[in-house]
Amino acid sequence: MLKKLFKYYLLLISIFFIGRLFLFILYFDNFKNSGVDYWLTFIYGLRMDTITASILLVIPLIILSFTPVKFKNIANGFLKYYFLVIFSLIIYIENATFPFVAQYDVRPNYLFVEYLIYPKEVFAMIFADYKAELLITFMMIGVFIYFYQKHAKNDFLNVFETHYIKRAAMFLPILALLFMGVRSSFGHRGANISDAMYTTNRMVNEITKNSLYSISYAIYSNTVHEGSEVKQYGKMDIKEALERVKKRLSIESDDKKSIFSRIEKSHFKSDKPKNLVIFVQESMGYQFVNALGGEDGITPNFNRLSKEAILFKDLYSNGTRSVRGLAGVSAGNLAVPGVGVLKRNKSQENFFTIASALKPFGYHTSFIYGGESRFDNMRGWYSGNGFDEIIDQPKFENPTFVAPWGVCDEDLVVKANEEFKKLHIKGQKFATVMFSQSNHSPFEFPCEKIELIKDVAPNSVKNAVKYADYAIGRFIELAKKEPYYKDTVFVVIADHNVRVYGDDMVPVDMFHIPAVIFGGDIKPMIYDKTATQPDVLATALDLIGLDLKYPIMGHSIFSNEKQNISLMQFDTSYALKADDKIAIVRPGQKPLTFLYKNPKTYLDKSNHLTPITSDEELKKDALAFVVALDYMYNKKLYR
């Protein structure tokens, strides 16, 4: 029995090893000059593989130990198909790891399974982008099934030749071996995924991980702890954490029900407050925007608009997913640990949004999206937190173009303009969050609307961004013809970059996003200091001309309290940027500090983080943000 289980252990870790070896070869150039002990990835990786294999072998051990001989055929059949499913799943996941790492620069994690509840959108994207990969994967699975069925038909029957009592007696010793494999540590605590992060090079750490274990651990963490096992980042008293965050953000508040809430007086006080429109751009990174030093010819409308607007030149997104960006620009909060607040149970009502701040002043609030707002629970979160109206795909009559993710962005802006005209005619003040969708894989949009970029596939990121920019221009063209334009503050801002990649532990440069604020009598200017999505929201609310009470975790750029900081979440890591210093905190690892150097150009993909002498205060502040954000969410103190 031991020999049989060991045979399957070797088969399992062999597949894991082959997957790791190919990743190692594929990304070797990324870390060959990093100075880290990258060859140890195979030793630490074996540890991750052993944990996974040991868990998978527990069920076969129980069946082989306690099944009576008369049921041996049933046990043999069950185990045959058990391993058939397990090996097929592992082959699929190991193959899927390659495009996943190429897209997200990390091993498969919770994101790998999170969106399976939206099969229409997800499978349309997968079949459009990964046909070849799927074909190769299923061919490999087919070949495996053929040979497995041929050679493993009665693979477990010989185990039952051993007497039942002897098999039962072997259970505890073998279980002890598997237990040791699962713990993979003789220390106080067993090993977990954080033990794979043994270097300062993120790609080496990702190669060290095991994809199946990474996915399973993420599911467990998000199911049991809503993804926020904050204690893994380090310990800090909540009183100290809150004091540190308030000091770092320069926020003074004595409100015990909403720990960051305070009254902010407008620098543009008006008896006739303006409307507010926030147009959120899906996945528009700085590298596409020439006004920020990005490639020329992709966003001509945004570049032109930047000259008549407040342009944020050093703005960083909350995270790498839309739910993080939407929370930042709609509620002004930074990224809470674990699952984003749009999808968390305790933030579905009585959670601050712009609707909370503006409703007392008679504003009509809406969320307009060209897709189905059930995605990412956008409808539930916005409607549950004060927004009066949700306009999504089913409410678009006769759209000109429909893609897997919804109607095209031009249909979105035309619809929004019609809604704003109706509200203005009625004398109704309004505040709206619009969310684009055309720049999303498989990048389907009406290609005839733009001059496609040369030598680039029509349905590609760059052309999708160019179409999104076309829609921005179309929206401004329509709005400027209407009376409501002069009475409205407009914001165009990205939710996050198109994808975050690089060799740095946290690739800070790929959190860099564009934003402009314009409209009415707003004077053009360039703001070149560090800013966050909450800072942009606070600035926009400042410009509408009202004194407001809110808990936004940022300041207007016209406030003396505005700080040059940004907090970025990347997978399970947090990076706190203060001027040119970065502190990074990770679960199960010691915090580190770096000096950040801006890329020379958008094509510069070299390392931008240089380790420096430990900045203890910055590291403590980074941990404080994680602890405080988790506490704020769990105690419902962001209202």
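The rules behind each value
- Residues numbered from 1 in each chain as written.
- Predicted model: local features only at pLDDT ≥ 70, side-chain atom pairs only at ≥ 80, totals over all residues.
- Heavy atoms only, no water.
- Phe/Tyr/Trp six-rings, centres within 6.5 Å; stacked < 30°, edge-to-face > 60°.
- Helix = DSSP H or I, 4+ residues; strand = E, 2+ residues; numbered from the N terminus.
- Buried < 20%, exposed > 50% of the residue type's maximum accessible area, 1.4 Å probe, protein only.
- Contact = heavy atoms within 4.5 Å.
- Pairing = 2+ DSSP bridges.
- Axes fitted to C-alpha atoms, helices over the stretch in contact; angles between N-to-C directions.
- Patch = residues over 30% accessible without salt bridge, like charges linked within 9 Å, V, L, I, M, F, W, Y side chains within 5 Å.
- Areas by Shrake-Rupley, 256 points an atom, 1.4 Å probe, with all protein chains shown as cover.
- Salt bridge = Lys/Arg side-chain N within 4 Å of Asp/Glu carboxyl O.
- Lys, Arg positive; Asp, Glu negative; His and termini not counted.
- Charge placed at Lys NZ, Arg CZ, Asp CG, Glu CD.
- 1 Å grid on protein atoms, 1.4 Å probe; cavity = no way out; pocket = protein on both sides within 12 Å on 5 of 7 lines; lining within 4 Å.
- Points joined across faces, edges and corners; volume = space filled by probe spheres on them.
- Core = buried A, V, L, I, M, F, W, Y, C linked by side-chain atoms within 4.5 Å.
- Nonpolar A, V, L, I, M, F, W, Y, C, P; charged D, E, K, R; others polar.
- Parallel < 35°, antiparallel > 145°, perpendicular 65-115°, else oblique.
- Left-handed = near helix turned anticlockwise from the far one by under 90°.

As a further point, take the packing of aromatic side chains. Under the defined criterion, the tally for this structure stands at 52 aromatic pairs. Ring centres 5.3 Å apart and planes at 10 degrees place the aromatic pair F490 and F518 in the stacked group. In this pair, F490 is assigned in strand β9 (residues 488-494) and F518 in strand β11 (residues 515-518), connecting sequence segments 28 residues apart. The exposure classification of F490 matches that of F518, with both residues buried.

Once that is clear, we can look at the side chain of N109. Here N109 shows up in the loop between α5 (72-104) and α6 (111-114). Not counting chain neighbours up to four residues away, the residues in contact with N109 comprise F100, S214, I215, A218 and D571.

A separate point is the sheet that holds strand β16 (residues 581-585). By definition, the strands of a sheet pair up through backbone hydrogen bonds, in either a parallel or an antiparallel sense. Taken together, the five strands give an open sheet; going across it, the order is β14-β15-β16-β17-β18, and neighbouring strands pair in antiparallel fashion. In this open sheet, the two edge strands, each paired with only one partner strand, are β14 (565-570) and β18 (609-611). Averaged over all adjacent pairs, the angle separating strand axes in this sheet is 30 degrees, with direction ignored.

Before going further, it helps to examine the environment of I472. Here I472 is to be found in helix α18 (residues 461-480). Sequence separation of I472 and R183 is 289 residues, and the distance between their C-alpha atoms is 54 Å. In contact with I472, other than residues within four places in its own chain, are F279, Q281, M284, L305 and V492.

A separate point is a positive patch on the surface. Where like charges cluster on the molecular surface, the positive patch consists of K257, K346, K635, K636 and R639. Considering the arrangement of structural elements, one finds R639 in the segment after α20 (616-634). Given a relative accessible area of 38%, R639 falls into the partly exposed group.

Turning next to empty space enclosed by the protein. Counted according to the given criterion, the structure contains seven cavities of 30 Å³ or more. Roughly 110 Å³ of internal volume is contained in the largest cavity. Around the largest cavity sit V106, M197, R202, N205, E206, K209, M505, F570, D571, T572, S573 and R586, which together line it. Among the elements that line the lining of the largest cavity, the one with the most residues is helix α10 (residues 202-208), at three residues. Quantified by volume, the second largest cavity comes out at close to 90 Å³. Considering the residues around the second largest cavity, the lining is formed by 13 residues, among which E264, K265, D542, Y550 and S556 are closest to the centre.

What follows deals with helix α4 (residues 58-66). Because each turn of an α-helix spans 3.6 residues, side chains separated by three or four positions end up pointing in the same direction. Listed as buried for α4 are P60, L61, I63, L64 and S65. Here the buried face of α4 lies against α1 (2-26), α3 (41-56), α5 and α9 (164-183).

This part takes up the nonpolar core. When a protein is soluble and globular, its nonpolar side chains tend to lie buried together. The biggest cluster of nonpolar side chains holds 151 residues, and the ones touching the most others in it are L276, I278, F312, M434, F475, I517 and L541. Here this core gets 11 residues from one element, more than from any other, and that element is α20. Residues in contact with L541, not counting those within four places in the same chain, are L276, I354, L358, L546, L548, Y550 and I552. Counting 35 residues, the second largest nonpolar core, distinct from the first, contains M1, L61, F144 and F160.

A word on the layout of surface pockets. Empty space left among the atoms is revealed by rolling a probe the size of a water molecule over them. Of the voids in this model, the second largest pocket is the one considered here, and its volume is about 450 Å³. Residue lining of the second largest pocket: 15 residues in total, with R189, G190, N192, S194 and Q232 positioned closest to the centre. Looking at which element gives the most residues to the lining of the second largest pocket, the answer is helix α11 (residues 211-224), with three residues. Split into classes, the residues belonging to the lining of the second largest pocket amount to four nonpolar, six polar and five charged.

On the surface, F17, I18, L21, F22 and I25 cluster together into a nonpolar patch covering about 470 Å² of accessible area. Here I18 lies in helix α1. Taking the relative accessible area as the measure of exposure, I18 reaches 45% and is therefore partly exposed.

The next subject is the pairing of strand β15 (residues 573-578). Residues in a regular strand point their side chains to alternate faces of the sheet. Burial analysis of β15 places six of its six residues in the buried class, the great majority of the element. With burial as the criterion, each face of β15 is covered, one bearing S573, A575 and K577 and the other bearing Y574, L576 and A578. Pairing of β14 with β15 involves six bridges; the strand directions are antiparallel. What sits directly across from S566, in β15, is K577. Two successive antiparallel strands, β14 and β15, enclose a turn made up of two residues, where D571 displays a positive phi of approximately 55 degrees. Hairpin connection from β15 to β16: two residues lie between these consecutive antiparallel strands, with D579 at a positive phi of about 55 degrees.

Attention shifts here to the packing of α1 against α5. As a packed pair, α1 and α5 sit with axes 11 Å apart at the nearest point and diverge in direction by 10 degrees. By the angle between their directions, the pair α1 and α5 is classed as roughly parallel. The segment α1 lies against α5, with Y8, L11, L12, I15, F16, G19, F22, L23 and L26 engaging F83, I86, F87, I90, E94, T97, F98 and V101.

This part is about the pattern of salt bridges. Under the criterion given, the structure shown has 35 salt bridges. Note that K209 is salt-bridged to E206, the shortest N-O span being 3.0 Å. Each member of the pair K209 and E206 is classed as buried. Three or more residues joined by partner-sharing salt bridges are found here, namely E240, R244, R248, E617 and D621.

Let us now look at the packing of α3 against α9. Running from N to C, α3 and α9 point in directions that differ by 140 degrees, and their axes come no closer than 7 Å. When the axis of α3 is compared with that of α9, the two are oblique. Between α3 and α9 the crossing geometry is left-handed. Residues T50, I51, S54 and I55 of α3 pack against L178, G181 and V182 of α9.

Let's shift gears to unusual backbone geometry. Residues apart from glycine generally show negative phi values, whereas peptide bonds are mostly found in trans. Cis rather than trans, the peptide bond between S441 and P442 has omega equal to 15 degrees. Looking at where P442 falls in the secondary structure, it is placed in the loop between β8 (430-435) and α18. Unusually for a residue other than glycine, N350 sits at a positive phi of about 55 degrees. Inspection of the secondary structure assignment puts N350 in the loop between α14 (322-330) and α15 (354-358).

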